[in-house]
Amino acid sequence: LPFLGHMHKKLSFFQSRWDYYDEVYHKYDGASLCGLNDLFRPVLMIGDPVLLKDILVKDFEHFVDREIIRTEKESTANEMLTRKSGDEWKALRAIMTPTFTSGKIRGMFPLVCDKADTLVSFTLKEAAQKPYVDMKDIFGRFTMDTIASCAFGIECNSYKNEEPEFAKRAAAFFEFSYIKLLKFTLFTLYPRISNVLGLKIETDSVNFFTRAVKGVIAARKTGQRREDYLDILLDAQSGHNSPTTAHENHTSIIDYSSVTKIVKTFAPLSKQVLTDETIVAQCVLFLIAGYDTTASTLAVLSFLLAKHPIHQQRLRQELLQIIQEE
């Protein structure tokens, strides 16, 4: 369409964006690439796996930045890693990366097991009292409790509350509404007008998590430590390695020896890149981004297993075998 290009298809009320991309891909029998238009901007859509690997891996240095929607009046959202670009993104990404090695994740296993045990007990109780159980809600509580505990030392106690505050706030962030879609469309098509109107993408949910994380950071700066995701960001901000006692604590989930080199490399940038607001933003991003992806995957998985009991039994036998061997 004139002026809009294909934007009306990508932001349709009646079709998901990924359905539109799928339609375009198959329109030309799985073409390796084809052209689209976002307003007056030509866009190349890649459908070939080899080309995708080159762009995302081999030649990544030429394709670093995402399409970023920035708003002038949002402090927390603008500081998130997903809205950074260039050297600022590279420095922040390098500081955050050591948190997600297999060793650190393995160290979180006891915390995950504890939350999983609570999940099982709660689900059995719900199943005994109700004709059906809402697994998306249950897995949402599990996901929020696990992320909050492993990353920030926050005990949400979602299973003890009839209306779990943290899980409900995270779920609200992903609820669809035409107002949200309209805002996103305005930000995409007319960012300047959106800023003049003072529109924001930040919601009450983001503000709630921001206040919660700020409270935890204030407590950590008084000397409390838990050797988790938040502590590594605070250490990187101050430009020094963690105390040796962290290595002596067998419950530690962060091995700072792998971080020392990175912290030293980016020491001049750490205080500039990792302001208090930036650390808060990464923590909020961690909570929100980890919630719906995990909860939805587990909910769909449980639905498919319930629909296909043969595969459910097969999975159960495989797990029992692993447990027996390990």
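Throughout, a residue's number is its position along its own chain's written sequence, starting from 1. Since the coordinates come from a predicted model, pLDDT governs what is reported: local features require at least 70, and pairs of side-chain atoms require 80 or more to be given and counted, while whole-chain, interface and lining totals use all residues. The side-chain values count all of the structure's non-hydrogen atoms but skip hydrogen atoms and water molecules.

1. Quick look at the environment of Asp114
Counting from the N terminus, the helices are the DSSP runs of H or I reaching at least four residues and the strands are the DSSP runs of E reaching at least two. By secondary structure assignment, the location of Asp114 is in helix α7 (residues 109–129). Spatially, the C-alpha atom of Asp114 lies 8.8 Å from that of Thr146, the residues being 32 residues apart in sequence.

2. Remarks on the packing of helix α13 (residues 229–238) against helix α17 (residues 276–307)
Where α13 contacts α17, the two axes come as close as 11 Å, and the packing angle between them is 160°. By the angle class used here, α13 and α17 are roughly antiparallel. Between α13 and α17 lies a crossing of right-handed hand. Of the residues in α17, those touching α13 at Tyr229, Leu230, Leu233, Leu234 and Gln237 are Asp276, Ile279, Gln282, Cys283 and Phe286. Lines fitted to C-alpha atoms define the axes here, with helix axes fitted over just the stretch in contact, and angles between the N-to-C directions of these axes take values from 0 to 180 degrees. For this classification, under 35 degrees means roughly parallel, over 145 means roughly antiparallel, 65 to 115 means roughly perpendicular, and everything else is oblique. Crossing handedness follows the turn of the near helix against the far one: under a right angle anticlockwise gives a left-handed crossing, and clockwise gives a right-handed one. A contact between two residues is defined here by any heavy atoms of the two lying within 4.5 Å.

3. Here's the deal with the layout of surface pockets
The rolling of a water-molecule-sized probe over the atoms marks out the regions of remaining empty space. Estimated volume of the second largest pocket: approximately 1,300 Å³. As for the second largest pocket, its lining consists of 33 residues, and the residues nearest its centre are Ala116, Leu119, Phe139, Leu298 and Leu301. Elements represented by at least two residues in the lining of the second largest pocket include exactly α7, α8 (135–152), α17 and α18 (309–325). Here the term charged refers only to Asp, Glu, Lys and Arg, the term nonpolar to Ala, Val, Leu, Ile, Met, Phe, Trp, Tyr, Cys and Pro, and the term polar to all other amino acids, Gly among them. Across the lining of the second largest pocket, the residue classes tally to 24 nonpolar, 7 polar and 2 charged. Two kinds of site are reported from a 1 Å grid over the protein atoms alone, namely cavities, where a 1.4 Å probe fits but cannot get out, and pockets, open sets with protein on both sides within 12 Å along at least five of seven lines, and residues are called lining when an atom falls within 4 Å of a point. Grid points are joined across faces, edges and corners, and a volume is the space filled by probe spheres set on the points.

4. Considerations on a nonpolar patch on the surface
In this analysis, a patch consists of residues with relative accessible area above 30% that form no salt bridge, clustered at 9 Å for like charges and at 5 Å for the nonpolar side chains Val, Leu, Ile, Met, Phe, Trp and Tyr. Only the protein chains shown count as covering a residue, and every accessible area follows the Shrake-Rupley method with a 1.4 Å probe. Think of a salt bridge as a Lys or Arg side-chain nitrogen and an Asp or Glu carboxyl oxygen that are within 4 Å of each other. Judged by side-chain polarity, Leu315, Leu319, Leu320, Ile322 and Ile323 come together as a nonpolar surface patch covering roughly 460 Å² of accessible area. Within the secondary structure, Ile323 sits in helix α18.

5. Re the packing of aromatic side chains
A pair of Phe, Tyr and Trp rings is counted when the ring centres sit within 6.5 Å of each other, with Trp represented by its six-membered ring. The angle between the planes then sorts it: under 30 degrees is stacked, over 60 is edge-to-face, the rest tilted. All chains considered together, the criterion is met by 4 aromatic pairs. Judged by centre distance (5.9 Å) and plane angle (55°), the ring pair of Phe60 and Trp89 falls under tilted. Of the two residues, Phe60 sits in the loop between α3 (49–58) and α4 (75–78) while Trp89 sits in helix α5 (residues 86–96), which places them 29 residues apart along the sequence. A centroid spacing of 4.8 Å and a plane angle of 50° characterise the contact between Phe122 and Tyr159, whose relative ring orientation is tilted. Separated by 37 residues along the polypeptide, Phe122 in helix α7 and Tyr159 in the loop between α8 and α9 (165–173) bring together distant segments of the chain.

6. Details of the side chain of Thr143
By the element assignment, Thr143 lies in helix α8. What qualifies as a polar contact is a pair of N or O atoms within 3.5 Å, subject to a donor-acceptor requirement within protein and to the restriction that residues adjacent in sequence count only when both atoms come from side chains. At a separation of 2.7 Å, a polar atom in the side chain of Thr143 contacts the main-chain carbonyl oxygen of Phe139. Apart from residues lying up to four places away in sequence, Thr143 is in contact with Gly290, Tyr291, Thr294 and Ala295.

7. With respect to unusual backbone geometry
Of note, Asn157 is a non-glycine position whose phi angle comes to about 55°, a positive value. You can see Asn157 is positioned in the loop between α8 and α9.

8. Remarks on the pattern of salt bridges
One side chain can pair with another of opposite charge once the charged atoms of both are near each other. Per the stated rule, a full pass over the model turns up 9 salt bridges. Between Glu155 and Lys115 there is a salt bridge; the shortest N-O distance is 2.7 Å. Of this pair, Glu155 sits in the loop between α8 and α9 while Lys115 sits in helix α7, and the two are 40 residues apart along the sequence.

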